[in-house]
Amino acid sequence: MNNINDNVVFDQWMKDQIDAAISALMHRTYQHKTHGAALKCAEYAILGARLLSTLSKRPYFAVAGSQIVDFGDGHFELISPSRRERRNAKKLADIQSYHCWIECQQHEDGSTHLEYIDFTSRYERQIAQLLKVPGSHIAEENYLWERADALNYPIPDRFLQHPSVIGRTRGWRWKDSLCTRLLTGYEQANEAYFRQQSAELLQLLTRQIETFMQSQQSLSLS
């Protein structure tokens, strides 16, 4: 599969293909773990950003920070590092409460907007169980791929006094400079691993698309 050119726009079909490929790779890699790949948002973000950058020739960045999650029925949870974690963290593993996703500045029709991509939405029901949150009405979505301004929801009142939220009134995810620096350090420390995984991911996506195209060709000939 040839790399997509600079003017690429990922349509819904291509987004689904990318999501299917990365989730298949992550499942294969972590299926032996107790929680599978549910807690591997760092790997999802790093591999996803590398793949999207390769395909589009545009910079996609893996970032880390805080997130408010809506588990349905008015149950919200804030995933954000504590002051103690931030003060003592020397590496990403020193922080327990953080989330990772992908960001990209998109330029369309003469304007610029920030885009969020998160391939871990499929695990929100599992995360709710781990946090002991009811979560029976969680939206069934595999991934999030949306403009940041479309997700600029008001912050629930009970979080407004949290140290990482003070000064904010809207937006359910925000990048944290310390967490992102530790995420970048984690990627750099495991460069050989992520290079190998990225190559496997691109091959998997290529085979996936080729298989689909062959099936469509067979249908057209039948």
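Residues numbered from 1 in each chain as written. Predicted model: local features only at pLDDT ≥ 70, side-chain atom pairs only at ≥ 80, totals over all residues. Heavy atoms only, no water.

**Examining the pairing of strand β3 (residues 99-108)**
Applicable threshold: Only protein chains enter the accessibility calculation, which uses a 1.4 Å probe. A residue is then buried if its area is under 20% of the maximum for its type, exposed if over 50%, and partly exposed in between. Only DSSP runs of H or I with at least four residues qualify as helices, and only runs of E with at least two residues qualify as strands; both kinds are numbered from the N terminus onward. Strand pairing follows a simple DSSP-based rule, namely that at least 2 bridges must link the two strands.
Counted residue by residue, β3 has seven buried out of ten residues, so it is predominantly covered. Taken together, the five bridges between strand β1 (residues 61-70) and β3 define a ladder with antiparallel strand orientation. Residue pairing across strands places phenylalanine 61 opposite glutamate 103, the latter belonging to β3. Two elements, β3 and strand β4 (residues 111-118), share seven bridges in a ladder whose sense is antiparallel. From the neighbouring strand, glutamine 106 faces β4, where its bridge partner is histidine 113.

**Some thoughts on the layout of surface pockets**
Using the following cut-off: Residues are said to line a cavity or pocket when one of their atoms sits within 4 Å of a point; the points come from a 1 Å grid over protein atoms alone, cavities being sets where a 1.4 Å probe fits but cannot get out and pockets being open sets with protein on both sides within 12 Å along at least five of seven lines. Grid points are joined across faces, edges and corners, and a volume is the space filled by probe spheres set on the points. Polar here means any residue outside two lists: the nonpolar Ala, Val, Leu, Ile, Met, Phe, Trp, Tyr, Cys and Pro, and the charged Asp, Glu, Lys and Arg; Gly therefore counts as polar.
In this structure, the largest pocket encloses a volume near 800 Å³. Where the lining of the largest pocket is concerned, the elements lending two or more residues are α2 (41-56), β1, β2 (76-79) and α4 (124-130). Its residues placed into classes, the lining of the largest pocket shows 17 nonpolar, seven polar and six charged. One number sums up the size of the second largest pocket: a volume of about 470 Å³. Looking at the second largest pocket, it is lined by 22 residues, and the ones nearest its centre are Glu124, Glu141, Leu144, Leu151 and Tyr153. Contributing elements (two or more residues each) for the lining of the second largest pocket: β1, β4 and β5 (144-147). Here the lining of the second largest pocket takes four residues from β1, the largest share from any one element.

**So, the nonpolar core**
This is how the line gets drawn: For this analysis, a nonpolar core means a set of buried residues of the types Ala, Val, Leu, Ile, Met, Phe, Trp, Tyr and Cys, connected via side-chain atoms within 4.5 Å. Contacts are residue-level and defined by heavy atoms, with any inter-residue pair within 4.5 Å sufficient.
Of all hydrophobic cores here, the largest spans 51 residues; its most connected members are Ile18 and Phe119. Elements that contribute at least two residues to this core include exactly α1 (12-30), α2, β1, β3, α4, α5 (177-189) and α6 (191-221). Here this core takes ten residues from α2, the largest share from any one element. Apart from the residues lying within four places of it in its own chain, the contact partners of phenylalanine 119 are Ile18, Asp19, Ile22, Tyr44, Gly48, Ile102, Asn142, Tyr143 and Trp145.

**Things to note about α2**
Structurally, the α-helix is built with 3.6 residues per turn, so residues lying three or four positions apart point the same way. Put simply, the rule reads: An expected span of 1.5 Å times one less than the residue number is assigned to each helix.
Taking 1.5 Å per residue, 16 residues should reach 22 Å; α2 reaches 22 Å between its end C-alpha atoms and fits that length. For α2, a buried count of 14 out of 16 residues is recorded, marking the element as mostly surrounded by other parts of the structure. Downstream of α2 by one or two residues, lysine 57 has phi in the positive range, about 65 degrees.

**Structural notes on the confidence of the model for the protein**
Low pLDDT marks stretches whose predicted atomic positions should not be read closely. To keep it simple, the criterion reads: On a scale of 0 to 100, pLDDT captures the predictor's confidence in every residue.
Mean pLDDT for the protein: 90, with 93% of residues reaching 70 or above. Under a pLDDT of 50 for its full length, residues 1-6 has, in the predicted model, 19 contacts with residues more than four places off or in other chains.

**Points about a nonpolar patch on the surface**
Cut-off, in case you're wondering: Here a patch means residues that are over 30% exposed by relative accessible area and free of salt bridges, tied together within 9 Å if like-charged and within 5 Å if nonpolar (Val, Leu, Ile, Met, Phe, Trp, Tyr). Here, Shrake-Rupley sampling with a 1.4 Å probe gives the accessible areas, and only protein chains in the shown set may cover a residue. For this analysis, a salt bridge means a side-chain nitrogen from Lys or Arg found within 4 Å of a carboxyl oxygen belonging to Asp or Glu.
Taken together, Trp13, Phe212 and Met213 make up a surface patch of nonpolar side chains, about 260 Å² in accessible area. Along the chain, the position of phenylalanine 212 falls in helix α6. Relative accessible area serves as the criterion here: at 30%, phenylalanine 212 is assigned to the partly exposed category.

**With respect to the packing of α2 against α5**
Axes are the key here: two packed helices are described by the angle between their axes and the distance separating the axes. So the rule is basically this: Where helices are involved, their axes are fitted lines through C-alpha atoms of the stretch in contact, as for all axes, and angles between N-to-C directions lie from 0 to 180°. When describing relative orientation, an angle under 35 degrees is termed roughly parallel and one over 145 degrees roughly antiparallel, while 65 to 115 degrees is termed roughly perpendicular and anything else oblique.
Orientation of α2 relative to α5, taken along the N-to-C sense of each, is 75 degrees, at an axis distance of 11 Å. Classified by the angle their axes make, α2 and α5 are roughly perpendicular. Side by side, α2 and α5 meet where Ala42, Glu43, Ile46 and Arg50 of the first sit next to Leu183, Tyr186 and Glu187 of the second.

**Observations regarding the pattern of salt bridges**
Applying the stated rule across the entire model yields ten salt bridges. One salt bridge connects arginine 86 with aspartate 176, and the closest N-O pair in it is separated by 2.4 Å. Here the residue arginine 86 occupies a position in helix α3 (residues 83-88), and aspartate 176 occupies one in the loop between β6 (173-175) and α5, the gap between them amounting to 90 residues. Arginine 86 sits in the partly exposed class, given a relative accessible area of 32%. Overall, aspartate 176 belongs to the buried group, its relative accessible area being 14%. Within this structure, Arg50, Glu187, Glu191 and Arg195 form a network of salt bridges that share partners.

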